[in-house]
Amino acid sequence: MKERGCTLGRIDKKLTDMVETEIKYWRNVLIRVVATVKTLSSRGLPFRSSSDKFGSPHNGNYMMALELIAEFDPFLSSHIEKFGNVGKGYTSYLSFQTCQEFITMMAHKVQNQIIDEVKKAKYYAIIIDSTPDISHVDQLSIILRYTLDSGKPVERFIEFIPNTGHKAQDMIDALIKTFDKHDIDINNCRGQSYDNASNMSGVYNGLQAKIKQLNSLAYYVPCSAHSLNLVGECAAVCCKEGSNFFLFLQKLYTFFRLNVSLEITSGCIFSIRQCKC
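Nothing here was measured: the structure is a model prediction, and the numbers come from that model. Along each chain, residue indices are assigned from 1 in the same order as the chain's sequence is written. Only residues with pLDDT of at least 70 are given local features in this predicted model, and only at 80 or more are side-chain atom pairs given and counted; all residues enter the totals for whole chains, interfaces and linings. The basis for every side-chain value is the complete set of heavy atoms in the structure, and neither hydrogens nor water enter the calculation.

Undergrad: Mind laying out the packing of helix H2 (residues 13–43) against helix H5 (residues 96–121), listing which residues take part and the relevant values?
TA: For helices, the fitted line uses only the C-alpha atoms of the stretch in contact; every axis is such a line through C-alpha atoms, and the angle between N-to-C directions lies from 0 to 180 degrees. The secondary structure listing takes helices from DSSP runs of H or I that are at least 4 residues long and strands from runs of E that are at least 2 residues long, numbered from the N terminus. The contact between H2 and H5 brings their axes to 10 Å, and the two run at 65 degrees. Judged by the sense of rotation from one axis to the other, the crossing of H2 with H5 is right-handed. Every residue of H5 that contacts H2 at Leu30, Val33, Val34, Val37 and Lys38 is listed here: Cys99, Phe102, Ile103 and Met106. Residue composition of the contact of H2 with H5, by class: eight nonpolar, no polar and one charged. Crossings are sorted by hand: turned counterclockwise from the far helix by less than a right angle, the near helix makes the crossing left-handed, and turned clockwise it makes it right-handed. We call two residues contacting when some pair of their heavy atoms lies within 4.5 Å. Three residue categories are used. Nonpolar comprises Ala, Val, Leu, Ile, Met, Phe, Trp, Tyr, Cys and Pro, charged comprises Asp, Glu, Lys and Arg, and polar comprises the others, including Gly.

Right, dumping it as structure tokens:
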């Protein structure tokens, strides 16, 4: 029996061969998906579009890239032909759910590497700004500036924090919470830079003042670009003719935009009433 076992192997050999073949197949699919996601992410390109179907000219960069690879890759071409548009309930690893999972995992890996570099460098500076995204949700951008082992200074984005509020206390609470989550010591901060808004640069109640209360060595440097913008704005205001001209253009634009919006709204209401009738 030992000799026969050594010759023929396990009694479930065919089953294990089938499992290994299946694993190898889906691993090859994921290799191509990961390469596509990594390439699009590194270029900052959008993934989705108005269509989620293979073969559609409006299916976005993600599916377009997979279709391009499939033209020179018989394996991926065969896989897309079999599982490209099968819909929900079937395993294909080509859906945007799988794509989003890989984006999230890659983001966490990059973020962890940045945090490790910050801890290794020990000392860093903070750059923070609050801006609305494409869906008009206000979010706080956190960027750290530090030095690599080679001596090269770099600036790395950490994460977005949505809906933090515009008060200095709200932002300092969000910042400290983020630093605690990543185990970053605020006492190692040696610099901070924001715009010239009062909630950021205020000497007594601004964000920079609240950080100095925690760490007196965090030297504040106003944003040079924003300072230059304020200088240009003040210089332009000195010219009354130019200010009145652009103010007239702004009011004219607002007037026509408001009227167009009202006409569109009225037309939609009228159409809805007609449909109800």
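Undergrad: How would you summarise a nonpolar patch on the surface if you had to cite specific residues and measurements?
TA: A patch consists of residues whose relative accessible area exceeds 30% and which take part in no salt bridge; residues with like charges are grouped when within 9 Å of each other, and nonpolar side chains (Val, Leu, Ile, Met, Phe, Trp, Tyr) when within 5 Å. With residues, only the protein chains shown are counted as cover, and all accessible areas are computed by Shrake-Rupley using a 1.4 Å probe. We define a salt bridge as a side-chain nitrogen of Lys or Arg found within 4 Å of a carboxyl oxygen belonging to Asp or Glu. On the surface, Phe245, Phe246, Phe248, Leu249, Leu252, Phe255 and Phe256 cluster together into a nonpolar patch covering about 740 Å² of accessible area. Along the chain, phenylalanine 245 turns up in helix H10 (residues 240–276).

Undergrad: Can you explain the pairing of strand E4 (residues 189–193)? Please cite residues and give values.
TA: The pairing of strand E1 (residues 124–132) with E4 spans four bridges and is classified as parallel. Note that in E4 the partner of alanine 125 across the bridge is glycine 191. At least two bridges found by DSSP between two strands is the condition for calling them paired. Pairing between E4 and strand E5 (residues 219–220): two bridges, direction parallel. Looking across to E5, one finds that glutamine 192 is bridged to tyrosine 220.

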